[in-house]
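# Breakdown of the fold
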Amino acid sequence: MSADCLFCKIIAGDIPAEFVAQTDRVVAFRDISPKAPVHVLVVPRTHVENVAQAAAQVPEELAEMAQVAQQIADAECDGQYRWIFNTGESAGQSVFHAHGHVVGGTPLGWEPA
Ligand code: DGP
């Protein structure tokens, strides 16, 4: 846990969120500012900064994130979705605790957001 990390506080239950999945390794909750009918953040419990750190330091959590992302999409948008990892400020990352955006429920174009 990182003391000043928003997602660590959500994982700890100190800040409320609408959870859609919780496992020993992963949590998933709805994005506070959804960009599509389905917009869920899938987050490793371990505080790592981005997806590459997750792969290097907690690969079993990253693998479970992929499984949870698919389960959410199966339940909410016919198994069809985009999984986005913004990495770095200029790519739009604003929370520096790794998270994959599961986005779906509408046809998705290819233009960068
Ligand atoms: P990114 O910009 O890729 O780092 O994504 C961070 C996302 O986190 C952004 O889409 C908005 C979301 N977010 C920010 N603060 C909160 C919050 O307090 N609760 C929830 N549920 N989502 C949040």
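Everything that follows concerns the structure shown earlier in this document.
What comes next is a walk through the structure. (Residues numbered from 1 in each chain as written. Predicted model: local features only at pLDDT ≥ 70, side-chain atom pairs only at ≥ 80, totals over all residues. Heavy atoms only, no water.)

### Thoughts on helix α3 (residues 59–76)
In a regular helix each residue adds 1.5 Å, so 18 residues correspond to 26 Å; α3 covers 26 Å between its end C-alpha atoms and thus fits that length. Within the span of α3, buried status applies to Glu-61, Leu-62, Glu-64, Met-65, Val-68, Ala-69, Ile-72 and Ala-73. Residues of α3 that are buried in the fold lie against β1 (19–22), β2 (26–30), β3 (38–44), α2 (51–57), β4 (81–84) and β5 (100–104). Within two residues after α3, Asp-78 carries a phi angle of roughly 60°, on the positive side. (Helix = DSSP H or I, 4+ residues; strand = E, 2+ residues; numbered from the N terminus. Expected span 1.5 Å × (residues − 1). Buried < 20%, exposed > 50% of the residue type's maximum accessible area, 1.4 Å probe, protein only. Contact = heavy atoms within 4.5 Å.)

### A word on the environment of Val-95
Inspection of the secondary structure puts Val-95 in the loop between β4 and β5. Between the C-alpha atom of Val-95 and that of Phe-7, which follows or precedes it by 88 residues, the distance is 7.6 Å. Beyond its immediate sequence surroundings of up to four residues, Val-95 is in contact with Leu-6 and Phe-7.

### Remarks on the environment of Leu-108
Relative to the elements of secondary structure, Leu-108 occurs in the segment after β5. Each C-alpha atom of the pair Leu-108 and Val-20 lies 22 Å from the other, and the pair is 88 residues apart in sequence. The residues contacting Leu-108, other than those within four sequence positions of it, are Arg-82 and Val-103.

### Overview of the pairing of β1
It is a general feature of regular strands that their side chains alternate between the two faces of the sheet. Both β1 and β2 contribute to a ladder of three bridges, which runs antiparallel. Following the sheet pairing, Gln-22 is matched in β2 by Val-27. Here β1 hands over to β2 after three residues, the two strands then running antiparallel side by side. (Pairing = 2+ DSSP bridges.)

### Quick look at the site of the ligand
Residues in close proximity to the ligand total 15 residues, the closest being Asp-31, Asn-86, Gly-92, Ser-94 and His-101. Between an oxygen atom of the ligand and a main-chain N or O atom of Val-95, the distance comes to 3.0 Å. Placement of the ligand is best described as lying within the largest pocket. Within the residue set of the shell around the ligand, elements represented by two or more residues are α1 (6–12) and β2. Broken down by element, the shell around the ligand gets its largest block of residues, three residues, from α1. Grouping the amino acids of the shell around the ligand by side-chain chemistry returns seven nonpolar, six polar and two charged. (Near = heavy atom within 4 Å. Polar contact = N/O pair within 3.5 Å; in protein donor to acceptor, adjacent residues only side chain to side chain. 1 Å grid on protein atoms, 1.4 Å probe; cavity = no way out; pocket = protein on both sides within 12 Å on 5 of 7 lines; lining within 4 Å. Sits in = over half its atoms within 2 Å of the grid points. Nonpolar A, V, L, I, M, F, W, Y, C, P; charged D, E, K, R; others polar.)

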